[in-house]
Amino acid sequence: MKRVTVFGSTGSIGQNTLDLIARAPQDYDVVALTGGRNITQLAADARRLGAQVAVTAHDDLLEDLRAALAGSGVAAAAGQAALIEAAARPADWTMSAIVGAAGLAPGMEALKQGATLALANKESLVTAGPLLMATAARHGARILPVDSEHSAIFQALAGEDIAAVERIIITASGGAFRDWPLERLAAATLAEASSHPNWDMGQRITIDSASMFNKALEVIETREFFGVDPDQIEVILHPESLVHALVGFRDGALMAHVGASDMRHAIGYALHWPERRDLPVARLDLAAIGTLNFRAPDPARYPALRLARDVMQRGGLSGAVFNAAKERALDAFIAGRIGFLDMAGVVEDVLTRMSSESGLIDAEITLDTVAHVDHLARIRADEAMQAKAG
Ligand code: NAD
Ligand code: MG
């Protein structure tokens with residue numbers, strides 16, 4: 001029996017993870033499930049899968065969660081400390097699928113067990129990549145990538161020497177607005193930005209796909225996880241979302257990972273690694289698909305990609321600044337306070353300003369310094385948005 005914990009179990013990645021686990025309940029011993037405000041889902045899953053504990057991130061929901069779990073034998077807990085405690089419960093495999101910077105601390109705690117962390121939470125690598133990788137190494141823990149592009153790269157690298165890699169190409173669908181004229185983007189609504197042509201994902205990553213901030217995070221994630229140089233990483237638009245990434249080797253060969261746009265591919269690979277097992281994903285009919293398209297992303301349309309290059313060049317805590325400013329700008333877009341195209345401007349303002357504050361982004365990367373610059377970047381983002389509004 002594999003002991004498994006799922007952080008963010010009520011979300012899109014979390015539900016896909018539970019789907020795979022529930023198909024073979026005899027193989028898994030569910031330790032902890034965690035969620036946010038969706039207590040009904042959290043409690044139902046914890047009961048159904050016989051979890052030891054269910055944790056909501058919100059203290060005020062503890063009584064509701066207790067009530068929903070009454071008589072089930074599943075313990076209820078709430079708040080940040082409870083999330084960290086859940087991460088410390090012995091498990092062989094932990095899924096990190098909280099969205100945003102909030103996923104970092106539980107993932108770090110789980111690594112201390114020296115087991116396996118399946119990492120969907122790309123923000124962990126963007127905000128604190130060197131710290132996360134060093135913590136895994138120190139405790140003998142393994143991190144398996146779950147982002148589809150990174151799982152694809154990881155699979156293309158199996159049995160290969162990373163020193164023979166010349167380039168890594170990650171694909172981008174282009175999100176909701178890939179075929180919109182640039183002039184229309186400023187007026188894009190929340191509903192329009194929240195629907196993805198190929199993938200069914202959480203709302204935040206869906207909007208980040210339309211703005212290409214998701215790909216920007218993934219470029220940084222690639223650098224941090226695989227340790228390649230920024231100029232070895234390329235982004236290509238691929239509207240079909242069937243080729244997830246390609247690795248180019250020194251002999252000119254490109255190894256591509258091709259599969260349906262279904263996150264259970266990457267989740268299942270991480271769940272069963274190093275084996276491959278049957279997965280309930282669609283098999284591609286290449287003759288029916290016929291054509292795969294690729295084109296270069298237009299830099300004028302996607303400032304987020306340029307900002308990612310900037311972050312990799314600055315290094316240090318600039319990833320934490322970038323991510324926090326982006327999260328805050330995204331909050332404001334979702335709340336209807338700023339327009340779709342304003343998000344990149346806010347992030348750039350905050351990056352420029354905080355990079356010039358002496359010693360700030362060059363400080364050592366620790367959970368405390370990440371939390372500090374994250375907090376400051378959100379304040380600076382609010383200031384930038386107020387300045388614009390006023
Ligand atoms: P989601 O919004 O659907 O789910 C997020 C989960 O995190 C929920 O369980 C929610 O309750 C929990 N959560 C939210 N804020 C929290 C907080 N402050 N503290 C504790 N828990 C909190 O998100 P998702 O689409 O499943 O994405 C999860 C992560 O996986 C993100 O980092 C995302 O970038 C990454 N990812 C997602 C997909 C996808 O297909 N959805 C693909 C690749 C990578
Ligand atoms: Mg991805």
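Each remark here, short or long, concerns the structure printed above.
Computed from a prediction, not measured in an experiment: that's the story for all the values here. (Residues numbered from 1 in each chain as written. Chains lettered and ligands numbered in written order. Predicted model: local features only at pLDDT ≥ 70, side-chain atom pairs only at ≥ 80, totals over all residues. Heavy atoms only, no water.)

### Quick notes on the site of ligand 1
Neighbouring ligand 1 are 22 residues; T10, S12, I13, G36 and E123 lie closest to it. S12 places a main-chain nitrogen or oxygen 2.9 Å from an oxygen atom of ligand 1. Contact distances for ligand 1 include 3.5 Å between an oxygen atom and a backbone N or O atom of V99. About the coverage of ligand 1: the protein hides 84% of its 830 Å² of free accessible area. Of all the elements in the fold, those that place two or more residues in the shell around ligand 1 are α1 (12–22) and α6 (122–139). (Near = heavy atom within 4 Å. Polar contact = N/O pair within 3.5 Å; in protein donor to acceptor, adjacent residues only side chain to side chain. Areas by Shrake-Rupley, 256 points an atom, 1.4 Å probe, with all protein chains shown as cover. Helix = DSSP H or I, 4+ residues; strand = E, 2+ residues; numbered from the N terminus.)

### Regarding the packing of helix α7 (residues 148–156) against helix α11 (residues 213–226)
Relative orientation of the contacting elements α7 and α11 amounts to 35 degrees, with a least axis distance of 10 Å. For the crossing formed where α7 meets α11, the hand is right-handed. Residues E149, H150, I153 and F154 of α7 touch α11, and the partners they reach there are K215, E218, E221, T222, F225 and F226. Taken together, the residues of the contact of α7 with α11 sort by class into 4 nonpolar, 2 polar and 4 charged. (Axes fitted to C-alpha atoms, helices over the stretch in contact; angles between N-to-C directions. Left-handed = near helix turned anticlockwise from the far one by under 90°. Contact = heavy atoms within 4.5 Å. Nonpolar A, V, L, I, M, F, W, Y, C, P; charged D, E, K, R; others polar.)

### A look at the sheet that holds strand β4 (residues 75–78)
Pairing is parallel in the open sheet, where 7 strands are placed in the order β4-β3-β2-β1-β5-β6-β7. Both edges of this open sheet fall to β4 and β7 (142–145), since each of them pairs with a single strand only. Sheet twist, expressed as the mean angle between neighbouring strand axes with direction ignored, is 20 degrees. The pairing of strand β2 (residues 28–35) with strand β3 (residues 53–56) spans 4 bridges and is classified as parallel. Residue pairing across strands places L33 opposite A54, the latter belonging to β3. (Pairing = 2+ DSSP bridges.)

### Notes on empty space enclosed by the protein
The gaps of empty space that remain are located by a probe, the size of a water molecule, rolled over the atoms. Going through the model one piece at a time under the given rule, you end up with 3 cavities of 30 Å³ or more. Here the largest cavity defines a volume of roughly 50 Å³. Considering the residues around the largest cavity, the lining is formed by S148, S151, Q155, W199, H244, H257, A260, D262, H265 and A266. Those elements giving two or more residues to the lining of the largest cavity turn out to be α7 and α12 (264–272). Broken down by element, the residue count for the lining of the largest cavity peaks at 3 residues, all from α7. Broken down by class, the residue content of the lining of the largest cavity amounts to 3 nonpolar, 6 polar and 1 charged. Roughly 40 Å³ of volume is contained in the second largest cavity. For the second largest cavity, the full set of lining residues is A91, T94, A110, L111, Q113, A115, T116 and L117. (1 Å grid on protein atoms, 1.4 Å probe; cavity = no way out; pocket = protein on both sides within 12 Å on 5 of 7 lines; lining within 4 Å. Points joined across faces, edges and corners; volume = space filled by probe spheres on them.)

Interpretation in functional terms is not warranted from these geometric data alone.
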